[in-house]
Amino acid sequence: MAAERKRGGSRAGTVRTSPVRAGAGGSSPAPDPLRLEPARLAEVLANTNRPWVSLKAAVSLDGKLATARGESQWITGEVAREAGHRLRAAHAAVLVGRGTREADDPRLTVRLPGGDASGEGGAGRGASAQPARIVLDSGAVTPPEARCFAADGARRILIAADGAERGRVGRLRERGIEVIACRGPRPDPAEFLPLLRARGIETILVEGGAQVHAALIARAAADAVFLFLAGLVIGGSDAPGWCATLGIDRLADAPRLELAPPVACGPDLLLRGWFRRG
Ligand SMILES: NC(=O)c1ccc[n+]([C@@H]2O[C@H](COP(=O)([O-])OP(=O)(O)OC[C@H]3O[C@@H](n4cnc5c(N)ncnc54)[C@H](OP(=O)(O)O)[C@@H]3O)[C@@H](O)[C@H]2O)c1
C-alpha cells in the first residue's frame, strides 16, 4: 500500500512533531486533535455500560466514502492516513463491518514511522502493542486468513449472529479468534457493545463502512466523528456517503454534533464532532 511504502516525516507521538496541526503558526502547541478527551471519555464510561465509540472516515468534499464502483483507496493523502494510524493507536480496538472487510481486506493495525503502536498510555490495551481488531459479520463468513485476523498478539474478535454456521465459528475459534454470538439476524450495537465493555474494551474506533456507521448512530451509540475531508468531488447518488440510511424525514430528528474547528492535515482537513445528547 502507498501508505506503507512512503513513510516520510518525523515520529508522530506528540503534538509538536505531529504533521496534523490545529491552525498555522502560534507559539504554544494546540491540544492534540487525535487524542481522546479524558473528560468526555470518563463521562461516557461512567454513565453507560458500553465503550466510547469514535467513527472515522476519509471522504470527498461531498461526503462520499467511495466511488459507485467501491473504490476508496486513496481519497485522502499521506498525512491524513498517518493521522488515521495515530487514531487507531489512541483506541483499544478498531472495528469494521463485513462490507469493508470484503472490499478492502484491511489489516487494521497501527503502522507509524518508528514502529510505535502504543498510543496514549497504551489506550487500555494491556500487554498488546496493537489495538484489538473486530469484524461485524452476522454469518461469520470472514475467513480466518483475513488480514485483520493475522496472529500478532493482538485480540481478534468476530461479532456474529447466533445463527452463524457452527463450522465457520469453530474454524475461527481454532485460530484464536474470539467469536461473540448475538441474538437476532444481525448483531445489535445495544447487545454487542456492552459485551465488548465487559471484555475490557473501553474505546473503539469504527472505520466504516456506511452501514455500520449508520447502525451505531441510529442506536445513539456513537460519541465522536473524525472525518478526513479531501478536496475531491465524487458526486452521484450511487456513490455511498459515510453514513447509510437513518430513516430521518425531519431535520428536527437528525442527530446534531458539536463541531471543533477544522484541522489542517496536509492537503486535507480533519473535522471532529461530538454527538449532542439529551
Ligand atoms: N473512505 C473510507 O474511509 C472508507 C472506510 C471504510 C469503508 N469504505 C468503503 O465502504 C464500502 C463498504 O461499506 P458498506 O456500508 O458497504 O459496508 P460495511 O458498513 O463495512 O458493512 C456492512 C455489513 O456489516 C454487517 N453487519 C453486521 N451487523 C451489522 C449491523 N448491526 N449494522 C450494519 N451492518 C452490520 C452486514 O453484513 P451481514 O448482514 O452479512 O452481517 C452489513 O452488510 C467499501 O466500498 C469500502 O471501501 C471506505
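Residues numbered from 1 in each chain as written. Predicted model: local features only at pLDDT ≥ 70, side-chain atom pairs only at ≥ 80, totals over all residues.

A few points about the overall build of the chain
- For the chain, the count of helices and strands is seven helices and eleven strands.
- If you take every contact in the chain between residues at least 6 apart in sequence, the share linking residues at least 24 apart comes to 71%. (Helix = DSSP H or I, 4+ residues; strand = E, 2+ residues; numbered from the N terminus. Contact = placed C-beta atoms within 7 Å.)

What about the pairing of strand S4 (residues 132-136)?
- Counting buried residues along S4, five of its five residues qualify, which places the element largely inside the surrounding structure.
- Residue alternation in S4 divides its side chains into two sets, Ala-132, Ile-134 and Leu-136 and Arg-133 and Val-135, and both sets are buried.
- Across five bridges, the pairing between strand S3 (residues 93-97) and S4 is parallel. Counterpart to Val-96 in the pairing with S4 is Val-135.
- Bridging between S4 and strand S5 (residues 156-161) involves four bridges; their strand directions are parallel. For Arg-133, the partnering residue across the bridge sits in S5 and is Arg-156. (Buried ≥ 20, exposed ≤ 12 C-beta atoms within 10 Å, placed from the backbone. Pairing = 2+ DSSP bridges.)

What about the site of the ligand?
- The ligand sits among 28 residues. The nearest are Gly-97, Gly-99, Ser-138, Gly-208 and Gly-209.
- Of all the elements in the fold, those that place two or more residues in the shell around the ligand are strand S2 (52-59), S3, helix H4 (98-104) and helix H7 (210-218).
- Examining the composition of the shell around the ligand, we find that five residues originate from one element, H4, more than from any other.
- Of the residues that constitute the shell around the ligand, the class distribution is 13 nonpolar, ten polar and five charged. (Near = placed C-beta within 6 Å. Nonpolar A, V, L, I, M, F, W, Y, C, P; charged D, E, K, R; others polar.)

So, the pairing of S3
- Counting buried positions over the five residues of S3 gives five, a clear majority of the element.
- Burial along S3 is two-sided: Ala-93, Leu-95 and Gly-97 facing one way and Val-94 and Val-96 facing the other are all buried.

Let's talk about helix H3 (residues 78-89)
- In this model, H3 (twelve residues) spans 17 Å end to end at C-alpha, consistent with the 16 Å of a helix rising 1.5 Å per residue.
- For H3, a buried count of twelve out of twelve residues is recorded, marking the element as mostly surrounded by other parts of the structure.
- The complete set of buried residues in H3 reads Glu-78, Val-79, Ala-80, Arg-81, Glu-82, Ala-83, Gly-84, His-85, Arg-86, Leu-87, Arg-88 and Ala-89. (Expected span 1.5 Å × (residues − 1).)

A few points about the environment of Glu-207
- You can see Glu-207 is positioned in the loop between strand S7 (203-206) and H7.
- Residue class for Glu-207 comes out buried when judged on the 24 C-beta atoms lying within 10 Å of it.
- The sequence separation of Glu-207 and Val-94 amounts to 113 residues, and the corresponding C-alpha distance is 7.0 Å.
- Once residues lying within four places of it in the same chain are set aside, the contact partners of Glu-207 are Lys-56, Val-94, Val-96 and Thr-100.

Some remarks on the confidence of the model for the chain
- Predicted confidence across the chain gives a mean pLDDT of 89, with 85% of residues reaching 70 or more.
- Low confidence marks residues 1-17, where pLDDT is under 50. Its contacts with residues over four positions away, or in another chain, come to 26 contacts. (pLDDT = per-residue confidence, 0-100.)

Details of unusual backbone geometry
- For the peptide bond that leads from Gln-73 to Trp-74, omega is 5°, which places it in the cis range.
- Between Gly-208 and Gly-209 the backbone carries a cis peptide bond, its omega angle lying at 0°.
- Mapped onto the fold, Gly-209 is located in the loop between S7 and H7.
- The phi dihedral of Asp-105 falls on the positive side, at around 40°, and the residue is not glycine.
- Taking the number of C-beta atoms within 10 Å as the measure of exposure, Asp-105 has 12 and is therefore exposed.
- If you check the backbone angles, Ala-220 has positive phi at about 50° while not being a glycine.
- Owing to 13 C-beta atoms within 10 Å, Ala-220 belongs among the partly exposed residues under this scheme.

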